[in-house]
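Each chain is listed here by its residues.
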Amino acid sequence: MALFKAEGDRVTVIDRTHPGSAADHWSAADLSNLAAIPSLDPIKRIDVLVNAAGLPPRPGFEAMILRVNTQALIALSEHLLPHITPGGSIVNMASKAGGKWRENLAQVQRLLALGLSDDLDAFVREEAIDPVRAYDLSKEAVIVWGMSNIQRFRDLGLRINSVSPAAVDTPILEDFMTAFGARASRGIDLTGRAGQPEEVAQVIRFLASPEASWVTGCNIECDGGLTSQLEYAELTAAL
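If you're wondering where the values come from, they're calculated on a predicted model, not measured in any experiment. (Residues numbered from 1 in each chain as written. Predicted model: local features only at pLDDT ≥ 70, side-chain atom pairs only at ≥ 80, totals over all residues. Heavy atoms only, no water.)

## Some details on the side chain of Thr-85
With respect to the helices and strands, the residue Thr-85 is situated in strand β4 (residues 84–93). With relative accessibility at 17%, the residue Thr-85 sits in the buried group. If we skip the residues at most four places from it in the chain, Thr-85 touches Arg-45, Ile-46, Asp-47 and Leu-158. (Helix = DSSP H or I, 4+ residues; strand = E, 2+ residues; numbered from the N terminus. Buried < 20%, exposed > 50% of the residue type's maximum accessible area, 1.4 Å probe, protein only. Contact = heavy atoms within 4.5 Å.)

## A word on unusual backbone geometry
Even without glycine at this site, Ala-128 takes up a positive phi of about 55°. With respect to the secondary-structure elements, Ala-128 resides in the loop between α4 (120–126) and α5 (131–148).

## As for empty space enclosed by the protein
Applying the stated rule across the entire model yields one cavity of 30 Å³ or more. Of the voids in this model, the largest cavity is the one considered here, and its volume is about 40 Å³. In this structure, the largest cavity is lined by Val-142, Ile-143, Gly-146, Met-147, Ile-160, Asn-161, Ser-162, Gly-217, Cys-218 and Asn-219. Secondary-structure elements contributing two or more residues to the lining of the largest cavity are α5 and β5 (159–165). The greatest single-element share of the lining of the largest cavity, amounting to four residues, is contributed by α5. Counted by class, the lining of the largest cavity contains five nonpolar, five polar and no charged residues. (1 Å grid on protein atoms, 1.4 Å probe; cavity = no way out; pocket = protein on both sides within 12 Å on 5 of 7 lines; lining within 4 Å. Points joined across faces, edges and corners; volume = space filled by probe spheres on them. Nonpolar A, V, L, I, M, F, W, Y, C, P; charged D, E, K, R; others polar.)

## Things to note about the sheet that holds strand β3 (residues 46–51)
In spatial order, the strands read β3-β4-β5-β6; together these four strands make up an open sheet with parallel pairing. Looking at strand neighbours, the two that pair on one side only are β3 and β6 (219–222), the edges of this open sheet. Each strand of the sheet is rotated relative to its neighbour by a mean of 20°, with strand direction disregarded. Pairing of β3 with β4, which is carried by five bridges, proceeds in the parallel orientation. Of the residues in β4, the one forming a bridge with Val-50 is Val-91. Contacts from helix α2 (residues 62–80) reach β3 and β4, with the element oriented near 175° to β3. (Pairing = 2+ DSSP bridges. Axes fitted to C-alpha atoms, helices over the stretch in contact; angles between N-to-C directions.)

## Remarks on the packing of aromatic side chains
Taken as a whole, this structure holds four aromatic pairs when the rule is applied. Ring centres of Tyr-135 and Phe-180 lie 6.2 Å apart, and the angle between their planes is 65°; this geometry places the pair in the edge-to-face category. Of the two residues, Tyr-135 sits in helix α5 while Phe-180 sits in helix α7 (residues 173–180), which places them 45 residues apart along the sequence. On the numbers, 5.9 Å between centres and 75° between planes, the contact of Trp-145 with Phe-153 is edge-to-face. Here Trp-145 and Phe-153 have matching classes, each one buried. Here the aromatic cluster, defined as three or more aromatic residues joined through ring pairs, consists of Tyr-135, Phe-176 and Phe-180. (Phe/Tyr/Trp six-rings, centres within 6.5 Å; stacked < 30°, edge-to-face > 60°.)

In structure tokens:
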């Protein structure tokens, strides 16, 4: 938010928590309540929509993770879509954790096929989804949803992209270290450090800007080279 504000943009935050002086306007909303999203007051003009709300992997919150990280993101985007100006941009916060969307595409499609009123708890039970899988799946679905809407949004004059950070030094980093264990530790070992929020924000700002006018449908891995290192190691191990 600070980066957008510093460049003279007007920032509106839709969240359950007041953002303080970081935003020009606050629209109070609990995005875990999907039924309330259609009643949110529409913002008259939107040039950039950044979907960054999300929950980390925590036991007992599997359905809530899918609801907030995926279903609410989609529902809010669709609700605000008529108010995004032609030439505008949607940037979704995905994750390195969503990187295996190709291998898990069938399950991703089953999640995306659910209606907002469908029983997510039943889906979690039927699919045997634990907290880590819930988080991974939620981010895989964000990436796939963006890719599947390139043409529809292009016809509206809009671009859509996602950003996939690895570990970032935020207040919920410890949740990820606990949930992912050795997987998270190895990631930080390979990149040398956790990322900083400002580094991710710069990528979001670029994708939102006119300078990225030919960039759409992309998932940008802002991960300190983690994905490249892992893919190279996997490819060379097979030789």
